[in-house]
Structure formats: C-alpha cells, structure tokens
Amino acid sequence: MHVHRHNQPGAASTKDSHGGVFDSASFAAVLEVEGEMTAGLAEEAIAVCSELFAAERQDVRRIIDLGCGPGVGTTLLARAFGSATVLAVDGSRAMLERAEARAARAGHADRITSLQLDLNDDLQILGRCDLVWAAMAIHHAEDQVATLATAGSRLQHGGLLCVLERAGPTSIRLADELGRPGIWDRLVAARWAWSKSAGKSLPGAMSAEAYPAMIAEAGLELVDERRLVSTVSAPQDASTHKFIARHLAGTVRDLSSVAEPLDAEALRKLVDTTLPFPAGRWDGAEVTFNRRLFIARSSIG
C-alpha cells in the first residue's frame, strides 16, 4: 500500500468535532470490530453496485473509499473488483494505519493506496474514478450536500456513488436475560424510541430519510435505494467482547431515563466491571445492524 499524507489546515476538523476520538488507536480498533461484523452488509451493497455496472457493461478500474475508517470495506472492494485500484481516504492517521495493515494482510497492498484527507477538505484532488464508496461517512461532513456533489463530480461517465448510512440503532441481545425475561426486546424498543428523540442530535443519528433529497440537491440521480439489515452472532474474542461492553455501557447511559428502571439496573450491573460476573457473560451475543443503501450517478449526460 502506498501512503500519501496531506496536512492541510482543515485535515483535523471532522475528528476534532468529535473530541479527537476518531484519531485514537483504541477507537480505530472498535470500528474495525464493527466493520468486520457488518461486512455482510457491505458485501450486499457491493453486489448491488456490481450488478449495476454489469448491466451497463461498465468496467471498474478505480475506486475511492471515502472515509475508509479501518479499511474493512476497502479490502472488500479490492476483492470484489479485482482489476481496480482503490484509494482509501480518511482524516485519521490511526484509521489509515489499520487500513494499511489490513490491506497487507489481505494481499491487496499493491492495489490499495491511502490518503490522509478530511471530508471537509478539497476532495477535487482525489481525481476521477468509477466508484465512490462512502460507508458511514457522509454524515460527518460539515456540508453533506456539498460533499455529495463533489464526490459525484469525481465520477467518470457511467460511474456510481454508493452511500451507506445508519437506518436504525444497533442492538445487542445476550442469551442471559439477567433475571428479567424479555429484557432485550424491551431495551431494543427503548433504544428505537430514544433514537427518534434525543438521539437525533448525535453525530451519525438516524437521518437516512434525508439522503434522497440531499442527493437530488447535489445534482445526482438516485438509481437504487434499499434497507439492509443483518443479525450476526458475535465472535468470542476479546476485541468483540470489548465492543459489546462499550455498546451496552452506552445503552445504560442513554436509556437510563427511558428504559424500565429494573431493566436499566440489571444492565448497569452487567457492565459494572467492579462486580463479579462469570467469564462467559457475553456468550450467545447477537448484534443487529441497520443500514440504508443509496446508489446514485451523475444526472448530467
């Protein structure tokens, strides 16, 4: 993998607006776990793009992965489009280091190039491509419509812009109901209710319904839109257990005033590391992810 760095004044603006968390190695590791668990959703979206390219007999020679994060999608794109080069773009050095290491492990380092560049910087320097891939990224831009428009302007004739955004809250269920039968169903319902009110103000909130209008305003034609849902059995490893614990701790924080008090207390005890719990506390964990897929092309020509 070839690496290019651009230390422009705006290069830290997105991650700084989130308290610098996106440029930490620990958070990059968390996102890599999430990326691996949502790989099936990414592969489904990539397959839709492949079908659209095949229908138009369009070759895919260059791909831009905009906001690549730790590079899970980057390597999936390189694998799916074996004749294409992929430019992995992110404002975080920690994310790019993960993406570079992942590309090397997957044997795609010769076709993947990385570039440190923030979404709010001049994306014109990215050059032209056949596919712009933006998974869980556009909502971090200061002006989402402008970012969509510039991303679309990078497309060659017949090229596609693929956007994946959150369509609902991530939910976790354990085999253990913590002495509260039905607790996980109730917590899922509480999370959905919370996301429609307080959660709307958070970065990455469920605002996927706004994308068709934003895509049109950006001068692009929406050619496919669908909801993707995946429930996966969480791997039994330390990194995944850390992801689950982090997510459930956030659930305790966010839903303390929304969930049933006894449910909230049972969950608080589960994630309290000062309390004794068996080593298999996360056994049987299932994680459900909701995404919305939007595929667009230039409306010109």
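Residues numbered from 1 in each chain as written. Predicted model: local features only at pLDDT ≥ 70, side-chain atom pairs only at ≥ 80, totals over all residues. Heavy atoms only, no water.

### Considering the pattern of salt bridges
In this structure the tally under the stated criterion is 20 salt bridges. The residue Glu-32 makes a salt bridge to Arg-102 at a minimum N-O spacing of 2.6 Å. One end of the pair, Glu-32, is in helix H2 (residues 25-37); the other, Arg-102, is in helix H5 (residues 93-106), and 70 residues separate them in sequence. Arg-102 carries the same exposure label as Glu-32, and that label is buried. Taken together, the salt bridges that share partners define one network made up of Glu-32, Glu-36, Arg-98, Arg-102 and Arg-105. (Salt bridge = Lys/Arg side-chain N within 4 Å of Asp/Glu carboxyl O. Helix = DSSP H or I, 4+ residues; strand = E, 2+ residues; numbered from the N terminus. Buried < 20%, exposed > 50% of the residue type's maximum accessible area, 1.4 Å probe, protein only.)

### Some points on the environment of Val-30
Along the polypeptide, Val-30 turns up in helix H2. Judged by its relative accessible area of 10%, Val-30 falls in the buried class. On a C-alpha basis, the gap between Val-30 and Thr-240 in space is 8.1 Å, while along the polypeptide they are 210 residues apart.

### Section: the nonpolar core
Within the largest apolar cluster, 62 residues are counted, with the highest numbers of intra-cluster contacts made by Phe-81, Leu-131, Trp-184 and Leu-248. Counting residues per element, this core draws most heavily on helix H3 (residues 39-55), which supplies eight residues. Counting residues in hydrophobic clusters, the runner-up holds 29 residues, among them Leu-115, Ala-151, Tyr-211 and Ile-215. (Core = buried A, V, L, I, M, F, W, Y, C linked by side-chain atoms within 4.5 Å.)

### A short note on empty space enclosed by the protein
Counted under the stated rule, the structure contains one cavity of 30 Å³ or more. If you go around the largest cavity, the residues you meet are Thr-170, Ser-171, Ile-172, Trp-184, Leu-187, Val-188, Arg-191, His-247, Leu-248, Thr-251 and Leu-267. Breaking the lining of the largest cavity down by element, the ones donating at least two residues are strand S6 (155-173), helix H7 (183-195) and helix H9 (238-255). (1 Å grid on protein atoms, 1.4 Å probe; cavity = no way out; pocket = protein on both sides within 12 Å on 5 of 7 lines; lining within 4 Å. Points joined across faces, edges and corners; volume = space filled by probe spheres on them.)

### What to know about the side chain of Arg-111
Tracing the backbone shows Arg-111 in the loop between H5 and strand S4 (112-116). As a buried residue without a salt bridge, Arg-111 has its nearest oppositely charged side chain in Asp-110, at a separation of 4.7 Å. A polar contact is formed between the side chain of Arg-111 and the backbone oxygen of Ala-78, at a distance of 2.7 Å. In contact with Arg-111, other than residues within four places in its own chain, are Ala-78, Arg-79, Phe-81, Gly-82, Ser-83, Ala-84, Thr-85 and Val-86. (Lys, Arg positive; Asp, Glu negative; His and termini not counted. Polar contact = N/O pair within 3.5 Å; in protein donor to acceptor, adjacent residues only side chain to side chain. Contact = heavy atoms within 4.5 Å.)

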